[in-house]
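What follows is each chain in one-letter form.
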Amino acid sequence: MAHRPKRTFRQRRAQSSDSDSTEEPSAEPGAPGLREEGPPPGGGRVEAADRHVRGRGPRSRGRGRVWASSRRAAGAAPRAEGGSGVPDEEGETHHSSESKDDQNSSSNSSSSLEEEFSSIAPRNEETSEESQEDENQDIWEQQQMRKAVKITEGRDLDLSYSSKPQTLKKFDTSISFPPVNLEIIKKQLNTRLTLLQDTHRSHLREYEKYIQDVESSKSTIQNLENSSSQAQNFKFYKSMKVYVENLIDCLNEKIISIQEIESSMHALLLKQALTFMKRRQDELKYESTHLQQLSCRAETSTNESLAIDEKTQWILEEIESRRSRRRQARALCGNCDHQEGTSSDDELSSEDMIDFQETQGDILQDHKKIFEDVHDDFCNIQHILLKFQQWREKYPDSYYEAFISLCIPKLLNPLIRVQLIDWNPLKFDAIGLKQMPWFTSIEKFMANSMEDSKKEDSSDKKILPTVINKTVIPRLTDFVEFIWDPLSTSQTTSLITNCRVIHEELSTCANEVSKGKQDLLKSIVVRMKKAIEDDVFIPLYPKSTVEDKTSPHSKFQERQFWSGVKLFRNILLWNGLLPDDTLQELGLGKLLNRYLIIALLNAIPGPDVVTKCNQIAASLPEKWFQNSAMRTSIPQLGNFIHFLLQSAHKLSRSEFRDEVKEIISILVKIKALNQAESFIEEYHLDHLKSIIEEV
């Protein structure tokens with residue numbers, strides 16, 4: 001390929017022979033563009049070629065891209081008319097599919113074009129004066145023209161070929177084909193079938209791949225949709241974390257105040273209980289000492305007056321004053337069967353009562369102020385449980401994986417203790433555990449649990465038993481150890497009621513041994529033993545002294561005996577909560593055989609003794625004697641049975657024969673059937689056999 005020579009912008013003459021050439025202004029070095037010459041007489045094709053040649057010189061190569069859009073528009077029409085090829089940025093047009101035939105066919109047209117172009121460039125006398133550079137310029141322009149003509153002719157040939165009508169090839173019948181038979185056809189069909197089967201299998205594999213892609217896309221979509229809820233999950237968990245942290249901070253701050261108020265209330269109740277206990281023991285000591293002094297003075301000198309110190313006199317008068325008030329109160333209530341000594345001497349003086357109420361009121365005021373500056377979401381048990389219930393409903397997996405059922409009792413402990421500050425389980429009119437707000441809230445929370453209700457080891461079902469074991473039982477144990485008076489029937493009945501509720505709730509956790517429950521029952525047994533040792537005192541006086549039922553000795557002895565019977569009855573009320581062997585040891589071994597039987601043996605046989613024996617037998621639990629094959633009573637009742645038979649022997653020889661029937665009934669009730677039959681046969685009391693036959 002010829003390289004374009006360096007262009008010198010010389011002045012050209014017009015090709016016309018009859019006119020002088022017109023000088024054209026040469027391009028200045030700093031001009032924004034090249035000059036354009038007027039159209040030569042040679043025609044539009046030469047003009048178009050000349051424009052391409054002049055527009056693609058080395059001097060203009062640097063600004064080709066800027067000019068392309070402005071300059072092509074001006075030359076578009078001439079190019080369309082002339083059908084010339086468009087050179088590329090290097091001034092050349094490539095045609096990779098040219099053949100040698102195309103080159104030969106275009107040689108004639110190129111030579112004619114050279115002759116035609118020879119007259120663009122006329123030679124005159126001034127030719128010798130032109131420089132070699134001008135000749136090289138002319139040669140390069142001629143080469144570019146040839147290429148343009150060749151490309152144009154090639155396009156014309158293609159267009160002329162495509163415009164020719166298509167002629168159908170005729171079938172040559174003279175051509176012979178190889179013979180065809182069924183085997184060849186079968187073979188070709190099998191080959192075709194094999195190819196189709198292979199294609200089908202390939203399509204199946206592609207189909208399976210597409211199915212997998214669809215499933216994978218669906219899974220991805222699902223994951224993306226789920227990922228959109230991650231923000232909500234994170235927001236919820238973050239809010240719960242902040243809430244629990246704030247709740248713990250609040251409870252940690254308030255727990256000190258709770259403990260202080262608990263201690264104040266406990267100290268107040270303990271002070272009252274110790275006051276009653278000390279007063280009872282002091283009055284018992286003073287009264288017993290006074291009666292002992294009366295007996296000593298009676299033995300030494302009946303005429304000497306008894307001098308009583310002022311303190312003893314005041315105590316005796318105070319004792320009698322309280323007894324008188326209780327008698328009046330029983331009379332108003334219509335209670336005429338009351339035995340002296342079975343009432344609870346728990347009256348306070350007006351001054352002590354006012355002081356107690358004022359102190360209690362101050363404690364309760366402080367109790368109300370504990371959470372007065374706290375929002376309900378952090379001090380209301382129902383609101384707190386609602387927060388965790390929402391967690392359990394929205395995200396049950398994380399709720400159970402976090403062992404929330406173990407955390408809730410610890411969080412609720414301070415709040416439940418606040419509600420228990422004003423709760424006295426020893427008062428007969430105190431609110432029951434099942435009626436407390438925290439109890440009902442926890443029950444509702446457990447009832448709404450999403451876990452399988454058939455599972456006995458459900459974690460949420462253990463919340464209430466855990467709360468009772470960790471919060472209620474310790475407080476109840478404190479009452480038993482320091483405040484409970486086993487001689488008070490009202491206190492014992494109230495305490496038993498609450499203990500039965502606890503026993504029922506803890507029975508749902510049969511697989512879990514409640515250490516708190518065992519400690520509570522142990523405290524109850526210890527306290528009853530202490531009451532037997534400290535509060536039971538039945539003096540023994542000569543029969544001559546107690547024959548007179550109006551004597552102070554007889555009255556004092558009666559009161560103390562019935563006080564012992566009252567404690568005996570209160571101990572046996574624990575039937576079903578304490579083991580039978582424990583109750584038999586306490587009630588029968590330590591109290592009946594050690595104190596009550598001795599007092600009965602010292603009494604005069606008669607209706608009064610039978611009444612006392614009836615009260616003792618009525619206090620015994622019926623389940624101890626439900627065995628129908630039982631013919632002999634329990635061993636701990638041996639002394640009592642012996643006393644009954646001894647009393648029956650004495651009464652059968654006296655006028656109190658009706659009381660003998662009562663004694664036989666007592667023997668039958670406590671399943672001393674063999675002893676009852678022997679006594680009936682011995683005294684030929686055949687009319688009493690029906691009592692045994694009814695059993």
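Per-chain numbering applies: the sequence of each chain, read as written, is numbered from 1 onward. Where totals are concerned, whole chains, interfaces and linings use all residues; where local detail is concerned, this predicted model gives features only for residues with pLDDT of at least 70, and gives and counts side-chain atom pairs only at 80 or more. The side-chain figures draw on all heavy atoms in the structure; neither hydrogens nor water molecules are used.

Undergrad: Outline the nonpolar core, supporting the account with residue identities and numerical values.
TA: Nonpolar core, defined: a set of buried Ala, Val, Leu, Ile, Met, Phe, Trp, Tyr and Cys residues in which side-chain atoms within 4.5 Å join the residues together. Three exposure classes are used, based on accessible area relative to the maximum for each residue type with a 1.4 Å probe and protein chains only: buried under 20%, partly exposed in between, and exposed over 50%. Of all hydrophobic cores here, the largest spans 125 residues; its most connected members are Trp438 and Trp574. Looking at which element gives the most residues to this core, the answer is helix 6 (residues 182-300), with 13 residues. When checking whether two residues touch, look at their non-hydrogen atoms; a contact exists if any pair is within 4.5 Å. Setting aside residues up to four positions removed in sequence, Trp438 forms contacts with Ile381, Ile416, Gln419, Leu420, Leu433, Leu464, Val467 and Val472. Membership of the second largest hydrophobic core comes to five residues, among which are Leu284, Leu291, Val546 and Phe556. Note on conventions: DSSP H or I runs of at least 4 residues are helices, E runs of at least 2 residues are strands, and numbering of each starts at the N terminus.

Undergrad: Account for unusual backbone geometry, with residues named and values stated.
TA: The phi dihedral of Lys671 is positive, around 60 degrees, even though this residue is not glycine. Secondary-structure assignment places Lys671 in the loop between helix 21 (658-669) and helix 22 (673-683). Owing to a relative accessible area of 7%, Lys671 belongs among the buried residues under this scheme. Even without a glycine there, the phi angle at His684 is positive, about 55 degrees. Along the chain, the position of His684 falls in the loop between helix 22 and helix 23 (689-693).

Undergrad: I'd like a description of the packing of helix 11 (residues 404-419) against helix 12 (residues 437-447), backed by residues and values.
TA: Orientation is described by lines fitted to C-alpha atoms, with helices fitted over the stretch in contact, and by angles between N-to-C directions that extend from 0 to 180 degrees. Running from amino to carboxyl end, helix 11 crosses helix 12 at an angle of 155 degrees, the nearest separation of the two axes being 10 Å. Classified by the interaxial angle, the pair formed by helix 11 and helix 12 is roughly antiparallel. For the pair helix 11 and helix 12, contact is made by Ile408, Leu412, Ile416 and Gln419 and by Pro437, Trp438, Ile442 and Phe445, respectively. Residues are grouped as follows: Ala, Val, Leu, Ile, Met, Phe, Trp, Tyr, Cys and Pro are nonpolar; Asp, Glu, Lys and Arg are charged; every other residue, Gly included, is polar. Of the residues that constitute the contact of helix 11 with helix 12, the class distribution is seven nonpolar, one polar and no charged. When describing relative orientation, an angle under 35 degrees is termed roughly parallel and one over 145 degrees roughly antiparallel, while 65 to 115 degrees is termed roughly perpendicular and anything else oblique.

Undergrad: Lay out a negative patch on the surface in plain terms, naming residues and giving numbers.
TA: Like charges within 9 Å and nonpolar side chains (Val, Leu, Ile, Met, Phe, Trp, Tyr) within 5 Å are joined into patches, using only residues over 30% in relative accessible area that form no salt bridge. Using a 1.4 Å probe, the Shrake-Rupley method yields the accessible areas, and only the shown protein chains count as cover for residues. We count a salt bridge whenever a side-chain nitrogen from Lys or Arg sits within 4 Å of a carboxyl oxygen from Asp or Glu. The sign given to each residue is positive for Lys and Arg and negative for Asp and Glu; His and the chain ends receive no count. Where a charge lies is defined by one atom per residue type, namely NZ (Lys), CZ (Arg), CG (Asp) and CD (Glu). Together, Glu351, Asp352, Asp355, Glu358, Asp362 and Asp366 make up a negatively charged patch on the protein surface. Turning to its location among the elements, Asp352 is positioned in helix 8 (residues 350-368). By relative accessible area, which is 42% here, Asp352 ends up partly exposed.

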